[in-house]
Amino acid sequence: MSVPKEHGVFASKNLESLTNNLTKKELQSLINIIQNKIKMAYYYGIVLGSDDEFLRNFPNDSEKNIEILRGRFKNGLKCPKCGHSKLNKNGKTNNRQRYICKNCRTTFDERSFSPLSNTKLSLDTWIKYCRFMIEGGTIKHCAQKVGVSIPTSFFMRHRILDVLNLSLRNQSFQGIISADEYNLNESFKGKSPKKTIEEDRYFYNFEYEDLSRCVGWTFRNCDYLLKNPQKYLKPVQVKISTAMDRNGHVLTRIVENPPLVSNINRKYQDIVSFFEGKLDKNSTICAFSSGLYREAAFKLNVKFKKARSRMKDLIYSVHHVHMYNHKLSRWLSNFHGVATKYLNNYLSWHAFLFILQEVNEISRISRLFTEITTINLSVTQKQIQNRKVEFI
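Residues numbered from 1 in each chain as written. Predicted model: local features only at pLDDT ≥ 70, side-chain atom pairs only at ≥ 80, totals over all residues. Heavy atoms only, no water.

Enquirer: How would you summarise the packing of aromatic side chains if you had to cite specific residues and measurements?
Expert: Describing an aromatic ring pair means giving the distance of the ring centres and the angle of the ring planes. The full count for this structure, using the stated rule, is eleven aromatic pairs. On the basis of an interplanar angle of 85° and a centroid distance of 5.0 Å, the ring pair of tryptophan 331 and tryptophan 349 is categorised as edge-to-face. Here the residue tryptophan 331 occupies a position in helix 10 (residues 319–332), and tryptophan 349 occupies one in helix 11 (residues 343–355), the gap between them amounting to 18 residues. Seen from their ring centres, phenylalanine 335 and tyrosine 346 are 5.3 Å apart, and the 70° between their planes marks the pair as edge-to-face. Separated by eleven residues along the polypeptide, phenylalanine 335 in the loop between helix 10 and helix 11 and tyrosine 346 in helix 11 bring together distant segments of the chain. For the pair phenylalanine 335 and tyrosine 346, one class covers both residues: buried. Grouped by ring-pair contacts, the aromatic residues Trp331, Phe335, Tyr346 and Trp349 constitute a single cluster. (Phe/Tyr/Trp six-rings, centres within 6.5 Å; stacked < 30°, edge-to-face > 60°. Helix = DSSP H or I, 4+ residues; strand = E, 2+ residues; numbered from the N terminus. Buried < 20%, exposed > 50% of the residue type's maximum accessible area, 1.4 Å probe, protein only.)

If you want it as structure tokens, here you go:
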């Protein structure tokens, strides 16, 4: 096959000659321009073809319903509310078989008590939404692409993220587990402007682009002895802890909120809760910040090794965790701030994408769709909106 000839100023030789005399600062500016152009092409371009072409990669509705039924009740057909196995058929709705539990008299089908319950959205709409979530789209972007309102997009997103948050909690770590931490400013994004001075503390999570400035220290309100301390409120930061092993498992969570922690025992207990029930008995925790992690390792009866620095090392290193946190901060900045009460959901979202980074896009979308359709979890919009900050 003949390669088309390049013409004009955009030929490879011409581009190279144009950049030969540029300074380092000019080259950096050019790179930033190209990155922004690629980002714009990503948001407004179509990666996997039109909707019809994209949906041909998946079964039709009736086949999807069968797959959901088999995945949801792979251990036998049971009532999703009480777990009773004695059921009767109870007619059909929208060509889906319904059942009634003989014990609690609850009626259900394969979508009941799942993130898909109590919605009128089609399965194709959910699959398309999974597609743009895998691509990292914002709530507004996903709403425009899928054809739903922004409040509906918000509701769909957090139902999906609740599933990822739940499914990644119970990972098992083996061998050397590298752990590191960094801090993000507490955010009240989405709060009503009608609130008290205390509630009006609104700070973006990503004030500092340099991650090294966010490691190992936190803001404190040192003016609490003044007559009117509300006037001198400073950003409050939450601590994010990330653990990774050599088998590809990743867990990243909020482990503490410094103003709420009054003594060292509470901080120590937060790290213990972060690892508890997830470590093999022959595991070794490796961390650069030795104090709390050493105490937690002793409590959990596992070994501890201190990393000499956050740079690369042959065996006991936290460099890859440090770089993961750095990429996480850059990824989160695309959303222009994340409310702290939803932060664990977004941390789980990024961990899910990281774990499946070697898998092709269609397989990742299928995996995400399978996760949300086969888990017994149902939350209402009011529960999502009134959520409190979740620790551990």
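After presenting the structure, the write-up continues.
Enquirer: With reference to specific residues and values, describe helix 12 (residues 361–373).
Expert: Taking 1.5 Å per residue as the helical rise, helix 12 with its 13 residues ought to reach 18 Å, and the 18 Å between its terminal C-alpha atoms agrees with that figure. Among the residues of helix 12, the N-terminal cap falls to asparagine 360, whose side-chain oxygen and the backbone nitrogen of isoleucine 362 are separated by 3.3 Å. (Expected span 1.5 Å × (residues − 1). Polar contact = N/O pair within 3.5 Å; in protein donor to acceptor, adjacent residues only side chain to side chain.)

Enquirer: An account of a nonpolar patch on the surface is requested, with residue identities and associated values reported.
Expert: A contiguous nonpolar surface patch, about 220 Å² in accessible area, is contributed by Leu27, Leu30 and Ile34. Along the chain, the position of leucine 27 falls in helix 2 (residues 24–44). (Patch = residues over 30% accessible without salt bridge, like charges linked within 9 Å, V, L, I, M, F, W, Y side chains within 5 Å. Areas by Shrake-Rupley, 256 points an atom, 1.4 Å probe, with all protein chains shown as cover. Salt bridge = Lys/Arg side-chain N within 4 Å of Asp/Glu carboxyl O.)

Enquirer: Lay out the state of the cysteines in plain terms, naming residues and giving numbers.
Expert: Per the counting criterion, the structure on display carries zero disulfides. No disulfide involves cysteine 82; its sulfur sits 3.6 Å from that of cysteine 101, the nearest cysteine. A relative accessible area of 36% means that cysteine 82 is categorised as partly exposed. (Disulfide = S-S within 2.5 Å.)

Enquirer: How would you summarise unusual backbone geometry if you had to cite specific residues and measurements?
Expert: Of note, the phi angle at arginine 105 is positive, near 65°, even though the residue is not glycine. Mapped onto the secondary structure, arginine 105 falls in the loop between strand 2 (96–101) and strand 3 (107–108). The phi angle at histidine 336 is positive, at roughly 55°, despite the residue not being glycine.

Enquirer: Give a description of the sheet that holds strand 2 that names residues and reports values.
Expert: The three strands are arranged 1-2-3 in an open sheet whose pairing can be described as antiparallel. Each edge of the sheet is formed by a strand with only one pairing partner; in this case those strands are strand 1 (87–93) and strand 3. Inspection of the sheet shows strand 1 paired to strand 2 by five bridges, in the antiparallel sense. Note on strand 2: the bridge partner recorded for lysine 92 is glutamine 97. (Pairing = 2+ DSSP bridges.)

Enquirer: Explain the packing of helix 6 (residues 139–146) against helix 7 (residues 150–167) to me, and be specific about the residues and the numbers.
Expert: Where helix 6 contacts helix 7, the two axes come as close as 9 Å, and the packing angle between them is 110°. Taken together, helix 6 and helix 7 sit at an angle that is classed as roughly perpendicular. Judged by residue contacts, Ile139, Lys140, Cys142 and Ala143 of helix 6 engage Ile150, Ser153, Phe154 and Arg157 from helix 7. Looking at the contact of helix 6 with helix 7 residue by residue, the classes come out as five nonpolar, one polar and two charged. (Axes fitted to C-alpha atoms, helices over the stretch in contact; angles between N-to-C directions. Parallel < 35°, antiparallel > 145°, perpendicular 65-115°, else oblique. Contact = heavy atoms within 4.5 Å. Nonpolar A, V, L, I, M, F, W, Y, C, P; charged D, E, K, R; others polar.)

Enquirer: Explain the side chain of histidine 158 to me, and be specific about the residues and the numbers.
Expert: By the secondary structure assignment, histidine 158 is in helix 7. In this structure histidine 158 comes out as buried when scored by relative accessible area, which is 1%.

Function-wise, these values are silent; they only describe arrangement.
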